Amino acid sequence: MTSSEASPTGLWHGLRHYFKQDLLPLLADLRLAIVLLLTIALFSIAGTVLEQGQTLEFYQTNYPEDPALFGFLSWKVILPLGLDHVYRTWWFLALLIVFGASLTACTFTRQLPALGAAQGWKYYTQPRQFQKLALSTSLTDADLAILATSLGKRHYRVFQEGDSLYGRKGIVGRIGPIIVHASMILILLGAILGAMTGFFAQEIVPSGDTFRIQNIFDAGPWARAQIPTDWAVRVNRFWIDYTPDGNIDQFYSDLSVVDAAGTELDRKTIHVNEPLRYRGVTLYQADWGIAAVQIQLNQSPVLQLPMQLLDTNGPRFWGTWVPTSPDLSTGVTLLARDLQGTALIYDNDGQLTATLRSGMATTVNGVTLRLVDVIGSTGLQIKADPGIPLVYAGFGLLMLGVMMSYVSHSQVWALVQDGILYVGGRTNRAQVAFERELLTLLETLPAPKTLTLNDPEALTLNPSPKMGEGL
């Protein structure tokens with residue numbers, strides 16, 4: 001290595017040469033983009049099929065080593081590869097970054113130069129130049145000014161210099177692919193931002209309690225700044241609407257966002273598909289439970305006993321044990337399965353002794369037991385994803401770019417030489433429609449002397465008798 005090559009200037013020129021000659025063409029290669037896109041889609045499917053963010057015990061139970069799913073997929077494969085949190089793994093983020101770089105390289109090396117070429121133009125000055133066009137013709141006794149006027153009426157932008165003319169329309173069709181690439185890059189940036197800074201949490205909160213977001217299941221490495229510390233949420237009330245036949249119709253949670261002093265900052269009653277959003281954090285109604293039961297024994301104060309979800313294979317039941325003697329030697333089991341205020345009372349032998357509704361009382365073990373109320377708890381899913389605005393904006397631009405891409409970019413050239421008007425054109429899509437448009441345009445001019453299709457793949461049409469020869 002020479003001293004000039006080892007100098008900072010030589011190294012810089014070497015890196016620039018490698019980037020322009022080797023790396024940039026590789027990134028702009030369509031085949032690489034397709035492979036990356038298919039790989040991202042494959043792992044996205046895996047992240048959808050495999051449960052994300054669960055506990056070790058969950059994966060050991062559902063994905064055992066013997067028998068392994070598909071003969072190889074077990075928890076010992078899922079966890080080391082990060083398939084339990086696909087969208088936050090370094091390799092998935094690397095795929096997104098490389099794919100974004102590929103789109104960017106393609107945009108700057110292909111799409112922008114193509115747009116620049118479409119915006120510029122040059123006149124044809126020789127009749128032989130029309131032979132390379134998909135459709136061309138020559139006419140005698142035709143007026144170039146009439147052709148220019150007809151093109152203008154069909155929304156072409158016309159440029160004329162002496163006996164040469166150029167017209168174009170649909171330049172937006174060249175901008176469309178650039179918008180599509182930009183929108184996909186925006187979506188990728190939003191996905192990366194969400195994966196790095198977003199979090200997902202779940203909370204089960206009884207009615208009347210105030211909580212801070214703490215039970216976080218999944219979070220990006222930079223999510224700490226998104227987790228709120230200066231405000232909390234109070235569950236004012238949770239209730240369920242039931243249908244006449246006793247099935248659940250809808251869950252409701254009346255939530256208040258409060259500051260450290262308890263001052264209400266925001267309030268909303270949420271239900272399924274109608275969340276509460278505050279400072280980039282979204283609280284969804286996701287589940288419910290029974291937190292406690294309020295009872296009264298004889299003339300005692302109202303007692304509130306916590307309820308525990310029972311491990312059953314059938315319908316969900318919550319239960320608690322109610323002592324009926326001061327020394328806790330006797331008691332009954334109280335079960336509930338919904339918030340309609342119905343409770344089942346079982347004695348120590350497991351026999352059903354009474355069925356109560358809120359406000360009713362029964363005598364057990366010589367004690368009057370009154371059911372005051374069944375207190376529900378709301379199950380909330382809490383998410384923060386700062387990348388969502390970028391993703392939504394990207395999808396909006398993507399739809400716009402796709403619609404713009406369907407616009408045909410059509411070009412028409414004309415030249416008058418030795419009393420003959422040469423006309424030709426081409427388009428990047430909708431070839432048949434363009435040919436029909438050009439035929440209609442030529443019908444406003446004197447009959448052509450010759451009319452030829454130079455593109456063997458172009459569609460042959462039958463012109464009107466005024467056109468003379470067929471295409």
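Residues numbered from 1 in each chain as written. Predicted model: local features only at pLDDT ≥ 70, side-chain atom pairs only at ≥ 80, totals over all residues. Heavy atoms only, no water.

A.B. asks: Any chance you could explain the pattern of salt bridges here in plain terms?
C.D. replies: Side chains that carry opposite charge are capable of pairing whenever their charged atoms lie near each other. One pass over the full model with this rule turns up 10 salt bridges. Across the salt bridge formed by R279 and D230, the nearest N and O atoms sit 3.0 Å from each other. Of the two residues, R279 is situated in the loop between β10 (276-278) and β11 (281-297) and D230 in the loop between β6 (216-219) and β7 (231-242); the sequence distance between them amounts to 49 residues. For D287, the salt bridge is made with R316, and the minimal N-O distance between the two is 3.6 Å. (Salt bridge = Lys/Arg side-chain N within 4 Å of Asp/Glu carboxyl O. Helix = DSSP H or I, 4+ residues; strand = E, 2+ residues; numbered from the N terminus.)

A.B. asks: Could you clarify how one ought to interpret the sheet that holds strand β15 (residues 331-336) in this entry?
C.D. replies: Each strand in a sheet pairs with its neighbour through backbone hydrogen bonds, running either in the same direction (parallel) or in the opposite one (antiparallel). With antiparallel pairing, five strands are arranged side by side in an open sheet as β13-β14-β15-β16-β17. Both edges of this open sheet fall to β13 (308-309) and β17 (352-357), since each of them pairs with a single strand only. Of the pairings in the sheet, the one linking strand β16 (residues 342-346) to β17 comprises five bridges and is antiparallel in character. Its bridge partner being in β17, I345 is matched across the sheet by A354. (Pairing = 2+ DSSP bridges.)

A.B. asks: What exactly am I supposed to notice about the nonpolar core here?
C.D. replies: When a protein is soluble and globular, its nonpolar side chains tend to lie buried together. In terms of nonpolar packing, the biggest core is built from 25 residues, with W288, I290, V293, I295, V322 and L334 touching the most fellow members. Residue assignment for this core shows that the elements contributing at least two residues are β7, β11, β14 (318-323), β15, β16, β17 and β19 (367-384). The biggest single contributor to this core is β11, with five residues. Membership of the second largest hydrophobic core comes to 22 residues, among which are Y59, L73, V86 and L96. (Core = buried A, V, L, I, M, F, W, Y, C linked by side-chain atoms within 4.5 Å. Buried < 20%, exposed > 50% of the residue type's maximum accessible area, 1.4 Å probe, protein only.)

A.B. asks: So what exactly am I meant to see when it comes to helix α3 (residues 30-49) here?
C.D. replies: Side chains that are three or four residues apart share a direction in an α-helix, a result of its 3.6 residues per turn. With 20 residues, α3 extends 29 Å between its outermost C-alpha atoms, agreeing within 8% with the 28 Å of an ideal straight helix rising 1.5 Å per residue. Among the residues of α3, those classed as buried are A33, L36, I40 and G47. Taken end-on, α3 shows its buried residues confined to a sector of 65°, consistent with a single buried face. Turned more than 90 degrees off the buried face of α3, the exposed positions are L30, R31, V35, L38, L42, I45 and V49. (Expected span 1.5 Å × (residues − 1). Arc of directions from axis to C-beta.)

A.B. asks: Before we go on, may I ask you to explain the pairing of strand β4 (residues 199-206) in this structure?
C.D. replies: The side chains of a regular strand alternate, first on one face of the sheet and then on the other. Covered by surrounding structure in β4 are F199, A201, E203 and V205 only, the residues F200, Q202, I204 and P206 on the alternate face being uncovered. Sheet analysis places β4 next to β6, joined by three bridges and oriented antiparallel. Bridging from a neighbouring strand, F199 pairs with A219 of β6. As judged from the eight bridges shared by β4 and β19, these two strands associate in the antiparallel manner. By the bridge assignment for β19, Q202 is matched with Q381.

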